[in-house]
Each structure stands twice: as structure tokens, then as C-alpha cells.
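Read off the chains here:
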Amino acid sequence: MKNTIRIQPLQVSVLFAADEVALDLRDRRPDSITLFGELDEAGRDQLAHDAWTIGLRALANAHAAAQESKLKEVGATLLVDIDRQLKLHVEQQQQTMSTVLAHFFDPSDGQVTQRLAAFVDDQGVLARLLEKYLGPRNSVLAEALAKQVGETSPLFKKLSPTDSTGLVKVLEAQLRAVMGESHAALVRALDPLAEDGAVARFLKSLRDELKGADEDRQKQLAAALAALDANDENSLLSRLVRETHGARQEVLAAVNPDTPSSPMAILKASLTKLLQEQGNTQLVLAKRQEDRQMQFEKEVREALTRIETRRAQDQKSTRGGLVFEDAVISFLRAATQGAPCVFDATGASTGVGRSKKGDAVVRFTEESAFAGAAVVFEAKRDATYTVQKALDELDAARKNRDAAAGVFVMARSHASDVFPRFARYGNNVLVVWDDRDLTTDAYLHAAILLGIGLVTRTKTAGDAGDIAALRDIEMRIEGELNRLEKMEKHSDAIRKNVDGLGDEIRKAQKALDLLLRKAQSTLRALNVELTDEAAEAASPLTLPKGSFEAGVLALPSGGEAA
């Protein structure tokens, strides 16, 4: 049995070298043989040359179109994935916030309810504080009262019945002395044996009277009755009553506090003076405490007023914009920390266009497959910015900072009603953020992730000198166009009737515009986009774990509105 070797109708052999490609083509198809057989040798060579050139160019264009279509599919897939991740992240944040709020404010087992219950409970913080300051034992009030009127206080010592220097002992000694003197005087007055006593004098006088009337008993009885007559002021009995009443009045005066010279009046004056001094001291202390409390409340109110005034001024002045820009930069720096990129705050430095547009730039390092690609961020707190103005600002910032994508962060306090809260326009992203509202942090974080996902990898295929020269030509052409615009304005203002000069200027402008477009097309032709799915898969466009929390914590209020 014979082995049949099937010869292919079209065989190709290619030899590739660094400087050339050698091709051996053998075509046995009848139509090809017929086509070449109708031509002479020169026509065959020209036909083969044209077929190779045109076919290769068509295949290259088809390959480029396929790559572009594939890149668009990757971009669409990336946007769908980012949108899904964003929705999932927002749902997770809402669920987390609901869980946290329920954890704090649930009426059955929330921490706020528990803390309020613990605060007002019988054994809670409020009860302990009241016990500490107003309780009957070891409280601040009890210690203060014990210090002022307690057992160790001067007032208690003055009123102590056992203290030798106390008022009770002094009063007791004074009363004892006065009563002792009065009792001795009364005893002497009633003692018949005391020669200077009233009774002794009465008995002596009675004996004298009785001796003088011995001869007449009737006279003696009359004398005795006269001496004992209480109605006679000069009788002995009346004199005894007067002296006894005088001694009694002296005793009563000694114990009467209304008498200025009595011991009880002295005791009353001393006690009243001591109590008045104690009351005045308490009033002074209460006044000082009230003044300190009023001063503290005044300082707190003034501090709150200053804070509110400064916040209101910041909302109206450019300083508020700088504060908002610092907050955005702090969030970006914390969110991108640990990622294969370098964060740089560029608001104070000029870019390639010699302007300061572009507040911050995130540029991928050599560790990433997107090395050199950058995202520019612009933060504004200006109510005059519309969507188109924001996009123009981002385009200028991207050109100035040589960035592939841009993110425009608008302050919610100055954003108009029609300004989108989160939107993508080509390689530009617009987002509204409030540095005092935690619920908007997810939008800013998603805008950062979307901006990073929009970057592309580029590689210059032409010579660096040629590229620089072409860019210089582009800049010079732009300068000439600007000069022609100025000339046209001057021509219209000075020579309105000279139409010929205006026509020539417009022709020159059209020619230069055409030259500019060709130069730009040449630049774009020298920049070939490369797509390497393996390299891109090895360097995923993502931020490190915990970047969202780090961005929130980087704000001045730890995530709250200084």
C-alpha cells in the first residue's frame, strides 16, 4: 500500500532577523497561477509587492481594531465590576451603619439605653455622684458641714458642754458664780445669826422694840403687829420684802440676755457674732463659687461662638477651600498608602504646562504593570463650578500633570442641585463629598478606585528626540495660533474695513490648524497602547486593605465635622 503525501496548495516559510524578514511563498492554487500567468515578469513582481504591502497593512489594521475592541470590552467589564463593587460596598456600609446604630440605640439592648440606665440606676453613676457629694456619709457636703459645724469645728467646740473653753462651760461658770453670790447674799439676809442680815436686823429691832414696851403688853403687841404690818412701808416686814425682792431682781438681771451687762447678754452677743461671721463666710464662698461657675459658662459660650464664627467665615472665605483641599489630600494619602503608587500633593508646584492646576497626583511605581501612569485629583469648594467647567478644569489638570485620568472632588456645601453626586465622563470622574459627613466617604473612596481603574499603560515607539521635536512644534504652532488670534482681534478692532487681511489671517489659521492636527496625529501614531492581560492581572487595580478606614481616620475630627 502506497503512502500518499498530500501537498498543501499554499505553503509559507518565514525567516525572521533583527533587521529583515525573509518570506518564501509557494502558491499552487489555479486562480493564483492564472492571475500571475497573464502578467509579465515586471508585473508579477509589482503584483507580489502590492499584495504583501496592502495585505500586511490590512491585517495590521484589523489586529489593531481587534485589540481596541478587546480593550473596550475590558474597560466595560471593569466598569461593570466597579459598579457592582460600589453597590455592594454601599450596601455593606448601610448594613454596617444600621448594625452600629442598632447596637447603640436599640431600646432593648442598645449601649445608649444601657448607659442611660446605668447612669440613672440606683447604683448608677448619678447615684454614686450624688452619694459622693450629697450623701450622709463621707460626702463632700458632709465633710464640709463637719468641717464647719462638726465635732472638730470651732463652732462645735464653742457649743460643746464638755469643753472647758466652750460657751456652755463659760455660761455655767458665770451662772454658778452669779447664783453663788446671790445665794450667799440671800442666805446672809435670812440668817438670824448674821449681824448684817435682814432677819438679824429685824429680830434686833424687834427685841429693841419689845424691850421699850415691857411695861405695856398691849404696846408690845401693837409694836409687833406694826413691825409685821405689810401695808406699812416702814415696817420691818415691808423692808424685808423689799430687800428680798431686790436680791431676786439682781438674780433675774444676771440671767436675762436682754440686759447689756449681764453674763447671758455677753454670751448671746458672742454667739450671735460667731454665727454671723460663719454665715458671712458661707455667703462669700457661695458667691465665689457662683462667680467661678458663671465665668466658666461664659468662657464655654465664647469658645463655642468663636468656633461657629470661624466655621461660618471659612464657608465664605478662601480659607475654607484650603481646609477642604487639605481634608481631601489627607483622605487620599491615607487611602492610597501601601498601594503600588506614589502620592504627591502638587497644589503648590507647577506642572509641565507651567501652571498649578492639579492639587494631588497618584502615580504608579515600577512595581506595577501600570508604571508611570497617573491620576490627578482636583478639590474645589466653589459654587460657580458647573459640570462643563469641572470637566475643563480636569482636562487642563490632566494635561498639566501628564495624567491618564482625573477625579474632581466638589464640596457638598457649594455643589449645585444639578451637579452629579457621582459620575464618569470618559477618563474624568466627578464626585461630591462632605468632610463632615461620614456617609459620603464611600463615594470619595469609590471615585479614587474608579480613577485608578481608568489609567492606561503607554509606551513611546519613536525616538525620544523626534517626540520632543514634534512636541516643540506643537507648542510653537499653538503659540502662533494664539498670536494670530490676537492679530485677528486687533485687525477687527482697528481695521474693520480691511477684509483682505482678515481673509489671509483666516487662511493661515486654517493651514496652521491642519498642520497642528497632523502633528498631533503623528504624536498619537508614535504612542502605541500595549495591552498585556497577564501583566495587568498580576497587578490588580485596587487599594490596600483598610484604606477606607485609614482615609476616614485621617480627617481632623477622626471621622467627625472640628
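Here is a short report on the structure shown in this document. These numbers were taken from a predicted model, which means no experiment stands behind them.

Right, let's get into the pattern of salt bridges. In this structure the tally under the stated criterion is nine salt bridges. One salt bridge connects Lys-287 with Asp-291, and the closest N-O pair in it is separated by 3.9 Å. Highlighted residues: Lys-287 and Asp-291, both in helix H11 (residues 263-316), separated by four residues, approximately one helical turn. Take Lys-287: its relative accessible area is 47%, and that puts it in the partly exposed class. According to the relative accessible area criterion, Asp-291 is partly exposed, its value standing at 36%.

As a further point, take the pairing of strand E8 (residues 428-433). In the case of a regular strand, side chains alternate between the two sheet surfaces. Most of E8 is tucked away, with six of its six residues classed as buried. Burial along E8 is two-sided: Asn-428, Leu-430 and Val-432 facing one way and Val-429, Val-431 and Trp-433 facing the other are all buried. As paired elements, strand E6 (residues 405-411) and E8 share six bridges and run parallel to each other. Counted as the bridge partner of Val-407 is Val-429 from E8. Judged from the four bridges that link them, strand E7 (residues 422-425) and E8 form a sheet pairing that is antiparallel. Across the sheet, Ala-423 pairs through a bridge with Leu-430, a residue of E8. Following E7, the chain reverses through two residues before pairing antiparallel with E8; Gly-426 in that reversal takes a positive phi of roughly 65 degrees.

Criteria and cut-off values
Residues numbered from 1 in each chain as written. Predicted model: local features only at pLDDT ≥ 70, side-chain atom pairs only at ≥ 80, totals over all residues. Heavy atoms only, no water. Salt bridge = Lys/Arg side-chain N within 4 Å of Asp/Glu carboxyl O. Helix = DSSP H or I, 4+ residues; strand = E, 2+ residues; numbered from the N terminus. Buried < 20%, exposed > 50% of the residue type's maximum accessible area, 1.4 Å probe, protein only. Pairing = 2+ DSSP bridges.

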